[in-house]
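If you want the building blocks of each chain, they are given just below.
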Amino acid sequence: MTDDRDKTGQGGFRLDPFPTQGAESPFPPLYESLPPRDPPSDWIQSADAHDLPTAPEPVVERVNPLVSLGRFAFPPGPPIDDEGVAARDQRWTTQTLVIAGLFLLVFNAVSPLNWSHQQAPGWVSETVEKVSEAWVGQLALLGADMPRHGLREAWFGAKDARFPGQTPAPERGDIE
Amino acid sequence: MLFPTLAFGVFFLFVYFTTWSLDRENGRRKLFLLLASWFFYAQWDWRFVGLLILSAVLNWAIAALIARKMEREGADAKRGWLVGLGVAANLLILGFFKYYGFFVEQAGDLLAQFGWERDLPLLQIVLPVGISFFTFQGISYVVDVHRGKTPPAKSLLDVMLLMSFFPHLVAGPIVRASDLLPQFERAPRLTREMATHGLLLICWGLFKKTVIASELSVSLVDPVFFDPSAHSAVDIAAAVYGYAVQIYCDFSAYSDMAIGIAALLGYSFPRNFDQPYRASSMQSFWRRWHISLSSWLRDYLYVPLGGGRKGLFASCVNVFITMVLGGLWHGAAWTFLAWGALHGGVQVVERLGRSVFGDRKVMPTVLGVLITFHIVCLGWILFRAETFGLAMEMLAGLGRIGPVTMLTPLLLVLIIGGLAMHWLPPRAVEGAAERLKTAPSITLGILVGIAILLVEAVRPEGVAPFIYFQF
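Since the structure is predicted, the reported quantities are computational estimates derived from the model, not experimental observations. (Residues numbered from 1 in each chain as written. Chains lettered and ligands numbered in written order. Predicted model: local features only at pLDDT ≥ 70, side-chain atom pairs only at ≥ 80, totals over all residues.)

Student: Just checking my understanding: could you explain the overall build of chain B for this structure?
Tutor: A tally of helices and strands in chain B yields 19 helices and zero strands. Taken against the 2.2 N^0.38 rule, which gives 23 Å for 471 residues, the C-alpha radius of gyration of chain B at 23 Å falls within 12% of a compact globule. Counting only C-alpha atoms, chain B reaches 65 × 65 × 55 Å along its principal axes. If you take every contact in chain B between residues at least 6 apart in sequence, the share linking residues at least 24 apart comes to 75%. (Helix = DSSP H or I, 4+ residues; strand = E, 2+ residues; numbered from the N terminus. Rg over C-alpha atoms; globule rule 2.2 N^0.38 Å. Contact = placed C-beta atoms within 7 Å.)

Student: Could you clarify how one ought to interpret the overall build of chain A in this entry?
Tutor: Of regular secondary structure, chain A possesses five helices and zero strands. Scanning chain A from its N terminus toward the C terminus, one meets helices and strands in the order α-α-α-α-α. For chain A, with 176 residues in total, the buried portion stands at 9%. Taking all contacts inside chain A whose residues are at least 6 apart in sequence as the whole, residues at least 24 apart take part in 30%. (Buried ≥ 20, exposed ≤ 12 C-beta atoms within 10 Å, placed from the backbone.)

Student: Please clarify how the interface of chain A and chain B should be interpreted in this entry.
Tutor: Tallying the contact residues gives 28 residues for chain A and 28 residues for chain B. Listing elements by their share of the side of chain A that touches chain B, those giving two or more residues are helix 2 (82–107), helix 3 (110–118) and helix 5 (146–160) of chain A. It is helix 2 of chain A that contributes the most residues to the side of chain A that touches chain B, 13 residues altogether. Looking at the side of chain A that touches chain B, its residues break down into 16 nonpolar, seven polar and five charged. (Nonpolar A, V, L, I, M, F, W, Y, C, P; charged D, E, K, R; others polar.)

Student: Help me understand the confidence of the model for chain B in this model?
Tutor: Low pLDDT marks regions whose predicted coordinates should not be analysed in detail. Residue and element names in this part refer to chain B. Averaged over all residues, the pLDDT of chain B equals 88, while 96% of them reach at least 70. Across chain B, element-level confidence peaks in helix 17 (residues 409–420) with a mean pLDDT of 94 and bottoms out in helix 4 (residues 80–113) with 82. Listed scores for the predicted complex are pTM 0.81 and ipTM 0.84. (pLDDT = per-residue confidence, 0-100.)

Student: Just to check I follow, could you spell out helix 13 (residues 312–330) of chain B for this structure?
Tutor: Since the α-helix advances by 3.6 residues per turn, residues separated by three or four positions end up pointing in the same direction. All names here are of chain B. Taking 1.5 Å of rise per residue, the 19 residues of helix 13 would be expected to cover 27 Å, and the 27 Å separating its terminal C-alpha atoms lies within 8% of that figure. Among the residues making up helix 13, those that are buried are S315, C316, N318, V319, T322, M323, V324, G326, G327, W329 and H330. Buried residues belonging to helix 13 abut helix 5 (131–147), helix 12 (291–305) and helix 14 (334–357). (Expected span 1.5 Å × (residues − 1).)

Student: When you look at the environment of E171 of chain A in this model, what are you seeing that I'm missing?
Tutor: Structurally, the position occupied by E171 of chain A is in the segment after helix 5. Taking the C-alpha atoms as reference points, E171 of chain A and V98 of chain A, 73 residues apart in sequence, are found 39 Å from one another.

Student: Can you walk me through the environment of G368 of chain B in this structure?
Tutor: All names here are of chain B. Within the secondary structure, G368 is located in helix 15 (residues 365–384). Through-space distance from the C-alpha of G368 to that of A177 is 36 Å; in sequence the pair is 191 residues apart. Excluding residues that lie within four positions of it along the chain, G368 makes contacts with S280, S281 and M363.

Student: Explanation requested: the packing of helix 3 (residues 47–73) of chain B against helix 5 of chain B in the structure shown.
Tutor: Axis angle and axis distance: for two packed helices, these are the angle between their axes and the distance between the axes, and together they describe the pair. Residue and element names in this part refer to chain B. Taken N-terminus to C-terminus, the directions of helix 3 and helix 5 make an angle of 10°; their axes are 9 Å apart at the nearest point. Comparing the axis directions of helix 3 and helix 5 gives the class roughly parallel. Contacts between helix 3 and helix 5 involve L52, S55, N59, I62, A63, I66 and A67 from the former and F134, T135, G138, Y141, V142, V145 and H146 from the latter. Across the contact of helix 3 with helix 5, the residue classes break down as nine nonpolar, five polar and no charged. (Axes fitted to C-alpha atoms, helices over the stretch in contact; angles between N-to-C directions. Parallel < 35°, antiparallel > 145°, perpendicular 65-115°, else oblique.)

Student: Honestly, the environment of V218 of chain B in this entry has me stumped. Any pointers?
Tutor: For V218 of chain B, the position within the fold is in helix 9 (residues 192–226). C-alpha separation for the pair V218 of chain B and P460 of chain B, spaced 242 residues apart in sequence, amounts to 8.9 Å.

Student: Looking at this structure, how should I read the domain arrangement of chain B?
Tutor: How big an interface is tends to be expressed through the accessible area that disappears when the partners come together. All names here are of chain B. In terms of domains, chain B is made up of domain 1 (6–188) and domain 2 (193–465). Taking the mean C-alpha position of each, domain 1 and domain 2 sit 25 Å from one another. Listed as interface residues are 22 residues of domain 1 and, on the opposing side, 19 residues of domain 2. Contributing elements (two or more residues each) for the side of domain 1 that touches domain 2: helix 1 (6–21), helix 4, helix 5, helix 7 (166–169) and helix 8 (177–185). For the side of domain 1 that touches domain 2, the element with the most residues is helix 5, which contributes five residues. Residue composition of the side of domain 1 that touches domain 2, by class: 13 nonpolar, seven polar and two charged. (Domains from an automatic or database assignment.)

Student: Is there a simple way to explain the nonpolar core in this structure?
Tutor: All names here are of chain B. Ranked by internal contacts, the top residues of the largest apolar core, which has 134 residues, are L162, C203, L220, A239, A244 and V245. At 21 residues, the largest contribution of residues to this core is made by helix 10 (residues 233–264). Shared between two domains, this core takes at least three residues from each, and those domains are domain 1 (6–188) and domain 2 (193–465). Residues in contact with L220, not counting those within four places in the same chain, are A238, A239, G242, M406, L407 and L411. (Core = buried A, V, L, I, M, F, W, Y, C linked by C-beta atoms within 7 Å.)

Student: What should I look at first to understand the packing of helix 9 of chain B against helix 17 of chain B in this one?
Tutor: Residues and elements named next belong to chain B. Close contact between helix 9 and helix 17 brings their axes to 10 Å; oriented N to C, the two are set at 135°. As the angle between them shows, helix 9 and helix 17 are arranged oblique. Relative to helix 17, the crossing made by helix 9 is left-handed. Across the interface between the two elements, I212, E215, L216, S219 and L220 from helix 9 touch L411, L414 and G418 from helix 17. Taken together, the residues of the contact of helix 9 with helix 17 sort by class into five nonpolar, two polar and one charged. (Left-handed = near helix turned anticlockwise from the far one by under 90°.)

Student: In this structure, what is going on with the confidence of the model for chain A? I would like to understand it.
Tutor: All names here are of chain A. Overall, the prediction assigns chain A a mean pLDDT of 75, with 65% of residues at 70 or greater. Ranking the elements of chain A by mean pLDDT puts helix 1 (residues 65–73) last, at 83, and helix 5 first, at 91. Within the model, pLDDT remains below 50 along residues 1–13, and this stretch shows four contacts once partners closer than five positions in the same chain are excluded.

Student: When you look at unusual backbone geometry in this model, what are you seeing that I'm missing?
Tutor: A negative phi angle is the norm for most residues apart from glycine, just as the trans form is the norm for most peptide bonds. Residue and element names in this part refer to chain B. In this model, Q275 sits at a positive phi of 45°, which is unusual for a non-glycine residue. Mapped onto the elements, Q275 comes out in the loop between helix 10 and helix 11 (282–286). Even without glycine at this site, H290 takes up a positive phi of about 40°. Note that H290 resides in the loop between helix 11 and helix 12.

Right under this line is the structure:
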């Protein structure tokens, strides 16, 4: 064992071999409980810091326990790559088209029937006609043809309107 | 097979599902799209599918020869004759089918005037639908390869699909090889932006075509242009404005639907219309109307003629020639030539005016818009009338006092609405697509369904072909 205290020859302590700062405390620092400092003013040097707007209060996110449970039970997957995004967008587009198609199949059911009437007689057109007739009839019982019928009536009403002094429009038969 | 029909809807859904099921196999995907495009074209006349194939093979072979020559002999290789051959072959096809009857008839009349009446061989030639579009596309491909603006296609399949791709096949837009070939080289991706934009364009196009254009055509324009002498000034003026709206709604609707259909298949087409009746000069009009044709005429006709490089006089002559030939492109008739000459003449006047006044504003923008619109309407009379005689009758009828029998409140609303849509925000559809792309698929699906239901409920029975099919 040697004593280094006098090795400097200046009567002081040599601190080099020892840490110059205290070891980190295992406890959380006390200043964390203090309010955050105001942001520094960079345009009015003389302004009192207390007059300046303070940083917003940190928002504590409250997570719904059920959501937490859900995330625990079904952890979200990693972010998807480009191919995944493309597949997701394609699926979304397909769903949109399918939903639009189904919507029209219900509310515009008369369209295939009209199409079959415009075709030359044949197996396809007759089959479409028979199936469509049954489909249109069943949906009419539910009133699914009413939006189209209402729109059509309104349109023909607008078509038949005339300026004052003009000859009235001829009477129409069935508008379908 | 027209876009706004149930048959096309079924065809498109089949193509959509099949192509996206082949999205990892770009070659097979393109082959399927080519076969689907030929099927689509064969619905008009299957014999002309052969013409389409012949035209594609011809352009592919000539572009390949040009590229090989450039590769072997460098960029200075003499290849002008090859380009000339390619352009001439395309023009020969176009000329035979579109202009043969017209020129033979004119030659017969000319000979008769000199007392040499001859029975020239008149043939009943059926005009293949869309021939003007696919031959112009072929010419631009050959010339672009020659100019080094686009590399030659990597396969014949790509050139065939470039020229036959069904969304643009029969009425444009004229999509350049430099736009489409790079897209064919990789498997396309469908994004929500593209899909939403495409769906909105299809709905908007359906509305413009089947509601506005069809109604104006059937109830106002066709009867008045058929017999102008039976109508008063108000009806004739309404028919002229109505035709201005009809042709815009008809042709821009086709372009919108073509762009939308291509977008749903993963391909991007350039914009073809940009609110043309907002133009305050004829030059501005041609930067907004049928943009793919006007830019084609600029790049492959006006610039090779010398453009504006040789002074004011030469530039005026060049722009006049370009517009007259542009008129002839629309159809083999003197009325189309006169229409082109009117547009060319007004552009010449504008150029001379600019050379005198410079960039100074000589009239308020509103006045410029009104004057340009009415010159365009005057041109539409020539464009729509079957003969010069009928066009003159239309003009004479603008001074005839009489009862208003054709114009109804609904038609007036459609005309005003068709013009007012030019003052919507310039990128309204894109803006709406940007907002809707985050919507759930069920919401957008129902919105699309409602839009199509609205169109279906008010459309007249059957759909008239698009005006530009005849060109």
